[in-house]
Amino acid sequence: RCLPAAPRLCPRRGCGEAAGLRAMGFSEEQARRLLGLQPQLCPQRREAAAAQLLLLGLSAAAALDLLERSPALLRFPTERLRERAELLRRLGLAGGRAAR
């Protein structure tokens, strides 16, 4: 089991979940907003959901917007998200098409 994640960024750059989100392309403000979504979730789940959306070709801003509008996506099992993302890619809904 994972411990609850703190909804704020660590003051040191490059630590913890916030650094992982920044490495994925999220700005510090976007990472802060993403950390505030479902703060009780395991950090790996939040990163996995964001990563799958980014792999679909969404921008960090579009991925954050989608997660803010549908925070239930963060509770999806990682494997199920991966399967759904793969299905969308096979259907040709990657990149800009997925964002629309």
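Residues numbered from 1 in each chain as written. Predicted model: local features only at pLDDT ≥ 70, side-chain atom pairs only at ≥ 80, totals over all residues. Heavy atoms only, no water.

Caption draft 1: Looking closely at the overall build of the protein chain. In terms of regular secondary structure, the protein chain is built from 6 helices and 0 strands. Element order for the protein chain, N to C, with α for helix and β for strand: α-α-α-α-α-α. Counting the 100 residues in the protein chain, one finds 33% classified as buried. Long-range pairs, those at least 24 residues apart, make up 66% of the contacts in the protein chain with a sequence separation of at least 6. Accessible surface for the protein chain amounts to roughly 6000 Å². Of this, 54% is attributable to carbon and sulfur atoms. (Helix = DSSP H or I, 4+ residues; strand = E, 2+ residues; numbered from the N terminus. Buried < 20%, exposed > 50% of the residue type's maximum accessible area, 1.4 Å probe, protein only. Contact = heavy atoms within 4.5 Å. Areas by Shrake-Rupley, 256 points an atom, 1.4 Å probe, with all protein chains shown as cover.)

Caption draft 2: Representation of the nonpolar core within the structure. Ranked by size, the top nonpolar core spans 20 residues in total, and within it L21, F26, L34, L37, L53, L67 and L74 carry the most contacts. Those elements that place two or more of their residues in this core are α1 (16-23), α2 (28-36), α3 (43-55), α4 (60-69) and α5 (78-90). Examining the composition of this core, we find that 4 residues originate from one element, α4, more than from any other. Sequence-distant contacts of L34, defined by excluding residues within four places in its chain, comprise L21, F26, R46, A50, L64 and L67. (Core = buried A, V, L, I, M, F, W, Y, C linked by side-chain atoms within 4.5 Å.)

Caption draft 3: Structural detail: a nonpolar patch on the surface. Nonpolar side chains collect at one region of the surface, where L87, L88, L91 and L93 lie side by side and expose about 330 Å² of accessible area between them. Mapped onto the fold, L87 is located in helix α5. (Patch = residues over 30% accessible without salt bridge, like charges linked within 9 Å, V, L, I, M, F, W, Y side chains within 5 Å. Salt bridge = Lys/Arg side-chain N within 4 Å of Asp/Glu carboxyl O.)

Caption draft 4: Here's a closer look at unusual backbone geometry. The phi dihedral of Q38 is positive, around 50°, even though this residue is not glycine. Locating Q38 in the fold gives a position in the loop between α2 and α3. By relative accessible area, which is 15% here, Q38 ends up buried.

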